[in-house]
Every structure is written in C-alpha cells, then in structure tokens.
There are 2 protein chains.
Amino acid sequence: MSRRILGIDPGSRITGFGVIDVIGQQRHYVASGCIRTPQGAPLAERIKVIVDGLFGVVDTYRPGEAAVEQVFVNVNPAATLMLGQARGAVLAALVLKQLTVAEYTALQVKQSVVGHGKAPKEQVQAMIVRLLNLSGTPQADAADALAVALAHANHSHAAVAAFTRQGLRVKGGRLA
Amino acid sequence: MSRRILGIDPGSRITGFGVIDVIGQQRHYVASGCIRTPQGAPLAERIKVIVDGLFGVVDTYRPGEAAVEQVFVNVNPAATLMLGQARGAVLAALVLKQLTVAEYTALQVKQSVVGHGKAPKEQVQAMIVRLLNLSGTPQADAADALAVALAHANHSHAAVAAFTRQGLRVKGGRLA
C-alpha cells in the first residue's frame, strides 16, 4: 500500500514543499520546490500567491495527507505575525483541499530524519539527498519540506504500529 | 450606486464580521456576527472553521469588497503567532472569494468612526449603534468588524475623492 505525503515548510517569503511516496519501508522522491511571495506586494496578494501555489501542488501531485512544520517563534513580533499569517494561509489551503494536516516542530523533524535535534541545515539537506537517492541537493526550504514529509512518514508509521500493539493489548492478545 | 462592504476583526478564538451597504453618504446595516473556533481543537480544524464560516458569510451576503483590521502585535510570541495564523486564514478565504482586501489599524478605525484613536471599546460600540441605527448593541467583535467596514467606507470614499481631485489637477482643470 502506497501513501503520498506532502510536506510544507511555511515562510513569509518562501514556502517550501516536498512530495514523497511511502511504500512499506521505502521512501521515494516525487517532487519539491518553493513558492516565493512577491516582496513589497500587499499582504492579500502574497497570501493569494501561497494559496494558489499550494492548490497547484495539490492538484498536480494529489497527496493523501499533509504535514506542516511548526514555525519558529521569532523574538521580533512583526516577523512572528507575518510568519503566522503565511502559515495560516498554508493551513487554509490544505484543509480546503480536504487533506488531513499533521504538525511537527523543527526539533521533531531533525530527530526523525537525522537522529538528533541540533543538526545543522546542511546535515538535514545531506540526509535528504541520501534517504531519497537524489542526484542533486534541493534548495534549503524544499529540503526542509521533504524532511517534514519524511518525519511524518516515520512518525505516522510508528503511531500506527503503536496503535496496533496497544489495540492487541486491549484485546488481550486476540486479533479482531 | 451602492457598495456592500464586509469588515473583519480577526482573532484566534473569535473572528467578528460585519456587512454594511454604502449608498452615497448613507450607511446601512446588513448583518454581523462571530465565528467561534473550537478551543482545544487541532489548529487545522480551527482554521477550517474560520474559512468555512467566512465562505458562508460571503456566499450569503455577497459583498463587493472587504476590509480587515490589522491585528495587535502581542508581547506574547505564541499568541502573536496564533493570531497571525487566524488572520492568514481570513485573508486566504477572502482572496479565494475574489474580494479586494483593504487593511486598517485599530487606530485608523477608531479615528474614522469615533474621531479619535484612543476611544474605548464601549465608545466604538455606542457609535456603531448610532451610525447604523441599530436597535441593540452588537457583540464586541461584531461591533469591531462593523467599525472596520465603516472605516473602509469613509476611507475609500475619501481616497476616491482625493484621486478625483488629483486627476483634475493633473489634467489642468479639464474634465477628461
């Protein structure tokens, strides 16, 4: 059974996206890229670019589920607000496309993909290249989005496994 | 010529909306209310409630333009992020409904509606009741949204007048 996951790294200037297929323990690269918002344009226009861009990605690659990185809360309130607005638009676009949306912190993503939460960006990029057998290194935001998708693949697989084990315990060892 | 304006006061828990008709110098109340997000629900679900709620408002009242209050940047970064996310979802919903979106700060709204920017909430509510000939006082977030719509009616009227004057100056007094 194959699952197609869309990972998103939201940003006020660049929103990275990455699509992977999960077939058993295998992960296959499908697509990745960046949605860039026009700097200096009115906010509504930038929001429209994000929403239209994500609609295009979802319509093209038809993922079955989505995972979004929980953004860094900046010390600069205006930057935090701007990032929140971009992220709100991302979530609006995904729920409008009927996708379930999981959320992961940057720490969770790094722990899942690299094995420890303090890994630098370059190490995440290198791991993405290795795990997905890429011939080149994706742009940083696209790599982060692919990392979110991979983290979701690992996490939700673990969650399903844990649920199954728990289900068996609850059932007292009998299979329903 | 009549214009129908949708005003929005975005919030992470309650998003107020207000719809008015502008006919010349007259402003008529059409509708107002609140979209409440389920507390404790996952973020994607709360975003969906905001987007679906606004789609319902736009489909029901069919405004020709929208105005959104620029939110207060909180000292609490997590609250600012949450507010930004709600506001991003609001903007996404409005641009998806092909509405032009204007933005006003709370200061601009109060100056436009009450005459000075330091007016307390109760004074704004009382002015809304008076300006729109309401028989009761709307809930605070709905009143704020109506105030944003009124501010947009005043501002855009002034902007059009200023543009017309400027246009005439540029044309050296001749009417095109």
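These numbers were taken from a predicted model, which means no experiment stands behind them.

Q: What's the story with the overall build of chain A in this structure? I'm lost.
A: Within chain A, the regular secondary structure consists of five helices and five strands. Secondary structure elements of chain A occur, N-terminal to C-terminal, as β-β-β-α-β-α-β-α-α-α. Taking all 176 residues of chain A together, 48% fall into the buried category. Within chain A, residue pairs in contact and separated by at least 24 positions form 58% of the contacts whose partners lie at least 6 positions apart. When the accessible surface of chain A is totalled, it reaches about 8600 Å², and 55% of it is carbon and sulfur.

Q: How should I be thinking about the UniProt feature "active site" (unreviewed entry) in chain A in this particular structure?
A: All names here are of chain A. Cross-referencing UniProt, the feature "active site" (unreviewed entry) maps to Asp9, Glu69 and Asp141 in the present numbering. Sequence-wise these annotated residues cover 133 residues; spatially they are packed, their C-alpha atoms never more than 11.0 Å apart. When only the residues just named are considered, the second largest pocket is lined by Asp9, Glu69 and Asp141. Residue contacts for Asp9: discarding those within four places in its chain leaves Ile14, Thr15, Gly16, Glu69, Asp141, Asp144 and Ala145. By the element assignment, Asp141 lies in helix α5 (residues 140-170).

Q: Sorry if this is basic, but what is going on with the pattern of salt bridges here?
A: Opposite charge on two side chains allows them to pair when their charged atoms are near. All names here are of chain B. What the rule picks out here adds up to twelve salt bridges over all chains. Note that Asp21 is salt-bridged to Arg4, the shortest N-O span being 2.8 Å. Separated by 17 residues along the polypeptide, Asp21 in strand β2 (residues 14-23) and Arg4 in strand β1 (residues 2-9) bring together distant segments of the chain. Under the relative-accessibility criterion, Asp21 is labelled buried at 13%.

Q: Where do I start with the relation of the copies chain A and chain B in this structure?
A: Between the two copies of the chain lies a rotation about an axis combined with a shift along it. At an RMSD of 0.0 Å, chain A and chain B line up after a rotation of 180° and a shift of 0.0 Å along the axis. Taken together, the rotation and translation relating the two chain copies correspond to the operation of a two-fold axis. Taken as a fraction of all interface residues of chain A, those also at the interface in chain B reach 100%, which identifies the copy contact as same-surface.

Q: What is the right way to look at the side chain of B:Thr15 in this model?
A: Residues and elements named next belong to chain B. Among the secondary structure elements, Thr15 is positioned in strand β2. The exposure class assigned to Thr15 is buried, which follows from its relative accessible area of 0%. Within polar-contact distance, the side chain of Thr15 engages the backbone oxygen of Gly11 at 3.3 Å. Those residues within four positions of Thr15 in sequence are excluded, and the remaining contacts are Ile8, Asp9, Pro10, Gly33, Cys34, Ile35, Ile50 and Val90.

Q: Even after reading the chapter, I still don't get the sheet that holds strand β2 (residues 14-23) of chain A, so can you show me in this structure?
A: The strands making up a sheet associate through backbone hydrogen bonding, with each pair oriented either parallel or antiparallel. Residues and elements named next belong to chain A. If you walk across this open sheet you meet the five strands as β3-β2-β1-β4-β5, and the pairing is mixed. This sheet does not close on itself; its edge strands, each paired only once, are β3 (26-36) and β5 (100-105). Looking at each pair of strands side by side, their axes are set apart by 20° on average, direction ignored. Pairing of strand β4 (residues 65-70) with β5, which is carried by six bridges, proceeds in the parallel orientation. If you follow Ala67 over to β5, its bridge partner there is Ala102.

Q: Please clarify how the nonpolar core should be interpreted in this entry.
A: Taken as a class, soluble globular proteins show a tendency for nonpolar side chains to be buried jointly. The biggest cluster of nonpolar side chains holds 54 residues, and the ones touching the most others in it are A:Leu94, B:Leu6 and B:Leu94. Residues in contact with B:Leu6, not counting those within four places in the same chain, are B:Phe17, B:Gly18, B:Val19, B:Val57, B:Val58, B:Pro63, B:Glu65, B:Ala66, B:Ala67 and B:Leu94.

Q: Help me understand the packing of aromatic side chains, please; the structure alone is not making it clear to me.
A: Think of a pair of aromatic rings as described by two things: how far the centres are apart, and how the planes are tilted against each other in angle. Evaluated as defined, the whole model comprises zero aromatic pairs over all chains. Over the ring of A:Phe55 we find A:Lys97, and its NZ or CZ is 4.7 Å from the ring centre.

Q: It is not clear to me how the sheet that holds strand β5 (residues 100-105) of chain B should be interpreted in this structure. Could you clarify?
A: All names here are of chain B. Reading across from one edge, β3-β2-β1-β4-β5 is the order of the five strands in this open sheet, with mixed pairing throughout. The open sheet has two edge strands, β3 (26-36) and β5, and neither has a second partner. With direction set aside, neighbouring strand axes in the sheet form an average angle of 20°. Across four bridges, β1 lies against strand β4 (residues 65-70) in parallel orientation. From the neighbouring strand, Gly7 faces β4, where its bridge partner is Ala67.

What counts, and at which threshold
- Chains are numbered independently. Their residues run from 1 in the order of the written sequence.
- All chains are assigned letters beginning with A, and all ligands numbers beginning with 1, in the order in which they are written.
- Only residues with pLDDT of at least 70 are given local features in this predicted model, and only at 80 or more are side-chain atom pairs given and counted; all residues enter the totals for whole chains, interfaces and linings.
- Note: side-chain values were computed over all heavy atoms of the structure, leaving out hydrogens and water.
- For the purposes of this entry, the term helix denotes a DSSP run of H or I that reaches at least four residues, the term strand denotes a run of E that reaches at least two, and both are numbered from the N terminus.
- A 1.4 Å probe rolled over the protein chains alone gives each residue an accessible area, and that area as a share of the maximum for its type sets the label: buried under 20%, exposed over 50%, partly exposed in between.
- Here, two residues are considered to be in contact whenever any of their heavy atoms come within 4.5 Å of each other.
- Note on areas: Shrake-Rupley, 1.4 Å probe, and residue coverage restricted to the protein chains presented here.
- UniProt positions are given in the numbering used here, feature names are shortened, and annotations may be inferred rather than shown by experiment.
- Within this scheme a cavity is a closed region of a 1 Å grid, computed over the protein atoms alone, that accommodates a 1.4 Å probe without allowing it to escape, whereas a pocket is open but has protein on both sides within 12 Å along at least five of seven lines; lining residues each have an atom within 4 Å of a point.
- Here a salt bridge means any side-chain nitrogen of Lys or Arg lying within 4 Å of a carboxyl oxygen belonging to Asp or Glu.
- When the copies are overlaid, the least-squares fit takes in C-alpha atoms only where the residue has pLDDT of at least 70 in both copies.
- In the analysis that follows, any N or O atom pair within 3.5 Å is treated as a polar contact, provided that within protein one partner can donate a hydrogen and the other can accept it, and provided that, for residues neighboring in sequence, both atoms belong to side chains.
- Pairs of strands are assigned from DSSP output, requiring at least two bridges between the strands.
- Axes, fitted as lines to C-alpha atoms, cover a helix only where it is in contact. Angles between the N-to-C directions of the axes lie from 0 to 180 degrees.
- Joining through side-chain atoms within 4.5 Å is the link that ties buried Ala, Val, Leu, Ile, Met, Phe, Trp, Tyr and Cys residues into a set, and such a set is a nonpolar core.
- We call Phe, Tyr and Trp rings a pair once their centres come within 6.5 Å, taking the six-membered ring for Trp, and we label the pair stacked below 30 degrees between planes, edge-to-face above 60, and tilted otherwise.
- Charge over a ring is defined by NZ of Lys or CZ of Arg lying within 6 Å of the ring centre and within 35 degrees of the ring normal.

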